[in-house]
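# Structural features, examined
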Amino acid sequence: MKTLIVLLALIMVITALFLRLLKEYALTQKDIRRSKQEFEIQLIKRTELLDNAKEMYEMEKQLHAVIDKRLQELEKEFSHATTKTNLSSKKTERFTESYKKMLSSTLKLLKVEHSHYANR
């Protein structure tokens, strides 16, 4: 009779250990699935961010191209304007040069400022 009680207690202990291990296994599997889903979500978010960054880079390149084109047009226009009109007045020449420098620096500042805010 004592051996039967000991055997029954041993079976109960083994069953309890088995159930505990089974519960641990189920929790581990659940954590693994959750981690995998979180990883996939993070991967999707990072891919979207990368795509957005590429779009912003392309838009920035287009903006810089337009600004560079405007600067070249400005340079071309003012260099021709001085030769065509044959400016004799020093004041007019200084005004034209100052205006040209101001427009050029403004366009360059726009380019730099856009780069600064795009990198944030």
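Rules used throughout
Residues numbered from 1 in each chain as written. Predicted model: local features only at pLDDT ≥ 70, side-chain atom pairs only at ≥ 80, totals over all residues. Heavy atoms only, no water. Helix = DSSP H or I, 4+ residues; strand = E, 2+ residues; numbered from the N terminus. Buried < 20%, exposed > 50% of the residue type's maximum accessible area, 1.4 Å probe, protein only. Areas by Shrake-Rupley, 256 points an atom, 1.4 Å probe, with all protein chains shown as cover. Patch = residues over 30% accessible without salt bridge, like charges linked within 9 Å, V, L, I, M, F, W, Y side chains within 5 Å. Salt bridge = Lys/Arg side-chain N within 4 Å of Asp/Glu carboxyl O.

### Quick look at the overall build of the protein
- The secondary structure content of the protein amounts to 2 helices and 0 strands.
- In the protein, which comprises 120 residues, the share counted as buried stands at 9%.
- Of the roughly 11000 Å² of accessible surface on the protein, a fraction of 63% belongs to carbon and sulfur atoms.

### Comments concerning a nonpolar patch on the surface
- Side chains of Met1, Leu4, Ile5, Leu7, Leu10, Ile11 and Ile14 sit close together on the surface and give an oily, nonpolar patch of about 750 Å² of accessible area.
- Tracing the sequence through the fold places Ile14 in helix α1 (residues 2–85).

### Description of the pattern of salt bridges
- Overall, the coordinates contain 3 salt bridges when judged by the stated rule.
- In this structure, the salt-bridge partner of Arg34 is Asp31, at a minimum N-O distance of 3.4 Å. Highlighted residues: Arg34 and Asp31, both in helix α1, separated by 3 residues, approximately one helical turn.
- With relative accessibility at 39%, the residue Asp31 sits in the partly exposed group.
- Here Glu73 ties to Arg70 by a salt bridge, and the two come within 3.9 Å at their closest N and O atoms.

### Structural notes on the environment of Leu63
- With respect to the secondary-structure elements, Leu63 resides in helix α1.
- As a C-alpha pair, Leu63 and Lys111 span 48 residues in sequence and 7.7 Å in three-dimensional space.

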